[in-house]
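Take a look at the letters that make up each chain.
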Amino acid sequence: MRILAIRGSNLASLAGEFEVDFQSEPLASAGLYAITGATGAGKSTLLDALCLALYERTPRLARANARSESVPDVGEHAVGTGDPRNLLRRGAGEGWAEVDFVGSDGVGYRSRWSVRRARGKANGKLQASEISLSRIADGQLLGDHRKTETLRRIEAAIGLNFEQFTRAVLLAQNDFATFLKAGDDERAELLQTLTGTETFSRLSVLAFERMKAERAVLDQLQQQMQDCQPLASEDRALAEAALADAIRQLQALERDQGLVAEQLRWHRQQEQLQRQQAEAATLLATETSARDAAGERRASVERLELVQSARPIATEIERAQAALATEQAALEQLGRDIGQSGREVERLDREQQQALRQQQAARQAQADARPQIEQARTLDGLIAATTPRVQAARQAHDDAGRELAQAQSRRLQTEARRQQDDAELQALEQWLEQQDSRRELAQGWPRWEALFERANALQHQLKASNQQLAQLQQQAQQQALQLEQGQAGLESADATCTQADQWLEQASVACAGTDAEALATEKSALQARREALGALEQTRQRLQQLDQRHAAQTDKRANQSGAMQAAQAQLEALAQALPVAEAALASAQQALQAARLAASASAEALRASLQPGLPCPVCGSTEHPRAQVSEAVDSMLEALEAHALGCRKALDEL
């Protein structure tokens, strides 16, 4: 756990809001610091705010919990002497304490305790206090609204309960002796919680249990070793000789067993090869019959391959017929367009001739009726009205002429293409007459195409069958070779069996003159003796191993005893020197910190602002004994730094 900041408002002797930020300078870089001041300045109130925000309890109120007395509050109300709400400053309507800290899990938390009076007035009744816990990173509240659950979460985040916290982290006045006088078990539990050495305690217990179990096994083995007495040297020699004979007989039997097993594997392999040969012969016959049955289909496929070249010609014939039909339809449409254009031209010619006759009649009438000017003007107006129609008729006549020329040109081109198509059609008809024998082939082309695809598939199957047949033939050759080798091995095995039969007959003749019951009895005795010798040999090897382990453990124990004595002496010497070095380092660091503060830039500026007879803005004193700094401050600061560094090195070496 690490405290980051302490904040509060209206607690005990501290009026208004206050804050101590340990992450800001000068506290951020200070190694050691002290809270000093006159009585009632608020030193203990800072520690009370720390305990209130974390546990809602304080050391000085914890001693008052044993008494059930009450103290008067505002009005007719009273509060218990151990109630933490007593820390609310008199005359304040509300107060609070807040602590930022890093928990044992490395996460930053903010714990806040608050209390207020009714309606926020100084004469109101004290209300129930509240406590909350949140993460600093995102401000999320942890736990529910129940106070007990929040206190449990805070204790889990810190890793210490209130008693452990006030004995190890925050020692109240006159409580240091209580920590020193605490029992061994209580101090051990507290120190283990602070230093995280519970694992080593568990390892110590497990090591002791393991040593106890191993010692029990060793005692059992020693007891078994005492129960086993060695044989006499003569009996031991006879037993070893019998054991050697039995081992030689066993090796001979194992060699015979290996030979018989090898022969058995050979016969099994021969049977497997014969089965594979029979299966290969059956498969070869099946593939041969399938190939013979596919002869007719193969001939049909060959005939179909001969007429494959006629397929593009038939396709070209169909395309030419379709193009010819399209051109004939276009030619008929063009003829109809030409007839309609001719009729339009004739109509325009008639209108033009009629207009010319009207114009001639008008001119004649104008010549005849020259005296009649008014009538002539009327005729002029009629002519002016008729002129646009005449011009439109002329324009239409010219357009019709151009369309007629274009139509005649298109007709000539169409005639040329028709003649070309007629020639191609005639040539194709002649070719069809020549290829009349293949008409049925062209008409049934989809069926032939399906047959072609089927023939291709059958051809692929035939190729695959031929490849498989070649593989089977190769396997058959290999199996035949293996069969020949097997037959040679079989002949050799027959010879071996014959020799074995001869050995068996000789052994039978030899056994005929031997007492079977005596031989069986001797065999049983030898086998029992062999088992006893084997158990004796295992016991002897185990005894040798135990002797070696016992000697090694004895040497190791002697070495460890000497090393432990030397280490103990060195530890005692270091333990005596360690407090002296720590005290020297603490003194050097305090002196160095004081010198740095005295020589800091802010202190220099503060000294420069001091004036004789005026109060100091920090302490309020009118006397300034250190207003002037001697020139030897820098050299003194360097000497103190060197001294502190030397003390740190000496402590590290210890």
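Just so we're clear, the structure is a prediction, and the values are computed from it rather than from any experiment.

A.B. asks: Help me understand the overall build of the protein in this model?
C.D. replies: The secondary structure content of the protein amounts to 16 helices and eight strands. For the protein, the residues scored as buried account for 21% of the 654 residues in total. For the protein, restricting intrachain contacts to residue pairs at least 6 apart in sequence, the fraction spanning at least 24 positions comes to 61%. Total accessible area on the protein is roughly 46300 Å²; 52% of this is exposed by carbon and sulfur atoms.

A.B. asks: Mind showing me how you'd approach the pairing of strand S2 (residues 14-21) here?
C.D. replies: Walk down a regular strand and you will see the side chains alternate between the two sheet faces. Pairing analysis gives six bridges linking strand S1 (residues 2-11) to S2, with the strands arranged antiparallel. Along S2, the bridge assignment pairs Gly8 with Phe18. Linking S1 to S2, which pair antiparallel, is a turn of two residues; within it Ala12 sits at a positive phi near 50°.

A.B. asks: Please clarify how the packing of aromatic side chains should be interpreted in this entry.
C.D. replies: Aromatic ring pairs are reported here in terms of the distance separating the ring centres and the angle at which the planes meet. Under the defined criterion, the tally for this structure stands at four aromatic pairs. When the ring of Tyr55 is compared with that of Phe162, the centres are 5.6 Å apart and the planes differ by 70°; the resulting orientation is edge-to-face. One end of the pair, Tyr55, is in helix H1 (residues 43-55); the other, Phe162, is in helix H4 (residues 162-169), with 107 residues separating them in the sequence. Since its relative accessible area comes to 8%, Tyr55 is described here as buried.

A.B. asks: I keep staring at the pattern of salt bridges and nothing clicks. Help me out?
C.D. replies: A side chain of one charge can pair with a side chain of the opposite charge if their charged atoms are brought near each other. Applying the stated rule across the entire model yields 14 salt bridges. Between Arg152 and Glu149 there is a salt bridge, and its shortest N-O distance comes to 2.5 Å. One end of the pair is Arg152 and the other is Glu149, both in helix H3 (residues 147-158) and three residues apart, which spans about a single turn. Taking relative accessible area as the criterion, Arg152 reaches 47% and is therefore assigned partly exposed. Among the residues examined, Glu149 registers a relative accessible area of 18% and is labelled buried. Salt bridges sharing partners connect three or more residues here, namely Arg7, Glu19, Glu98, Asp100, Arg110 and Arg112.

A.B. asks: Sorry, what's going on with the packing of helix H8 (residues 233-293) against helix H9 (residues 295-306) here?
C.D. replies: Packed helices, taken two at a time, are described by their axes: the angle between them and the distance between them. Between H8 and H9, the shortest axis-to-axis distance is 4 Å and the interhelical angle comes to 40°. As judged from the angle between their axes, H8 and H9 are oblique. Judged by residue contacts, Arg291, Asp292 and Ala293 of H8 engage Gly295, Glu296, Arg297 and Arg298 from H9.

A.B. asks: Would you explain unusual backbone geometry in this entry?
C.D. replies: Both trends apply: most residues other than glycine have a negative phi, and most peptide bonds are in trans. Looking along the chain, the bond that leaves Glu25 and enters Pro26 is cis, with omega of 5°. Tracing the backbone shows Pro26 in the loop between S2 and H1. The phi dihedral of Asn10 is positive, around 55°, even though this residue is not glycine. Positionally, Asn10 belongs in strand S1. The class for Asn10 is buried, based on a relative accessible area of 17%.

A.B. asks: Where do I start with the packing of H1 against H3 in this structure?
C.D. replies: At a closest axis distance of 8 Å, the pairing of H1 and H3 adopts a crossing angle of 115°. Between H1 and H3, the angle falls in the class roughly perpendicular. Each of Ala53, Leu54 and Tyr55 in H1 lies in contact with H3, whose residues at this interface are Leu151, Ile154 and Ile158. Of the residues contributing to the contact of H1 with H3, the split by class is six nonpolar, no polar and no charged.

What counts, and where the lines are drawn
- Residues numbered from 1 in each chain as written.
- Predicted model: local features only at pLDDT ≥ 70, side-chain atom pairs only at ≥ 80, totals over all residues.
- Heavy atoms only, no water.
- Helix = DSSP H or I, 4+ residues; strand = E, 2+ residues; numbered from the N terminus.
- Buried < 20%, exposed > 50% of the residue type's maximum accessible area, 1.4 Å probe, protein only.
- Contact = heavy atoms within 4.5 Å.
- Areas by Shrake-Rupley, 256 points an atom, 1.4 Å probe, with all protein chains shown as cover.
- Pairing = 2+ DSSP bridges.
- Phe/Tyr/Trp six-rings, centres within 6.5 Å; stacked < 30°, edge-to-face > 60°.
- Salt bridge = Lys/Arg side-chain N within 4 Å of Asp/Glu carboxyl O.
- Axes fitted to C-alpha atoms, helices over the stretch in contact; angles between N-to-C directions.
- Parallel < 35°, antiparallel > 145°, perpendicular 65-115°, else oblique.
- Nonpolar A, V, L, I, M, F, W, Y, C, P; charged D, E, K, R; others polar.

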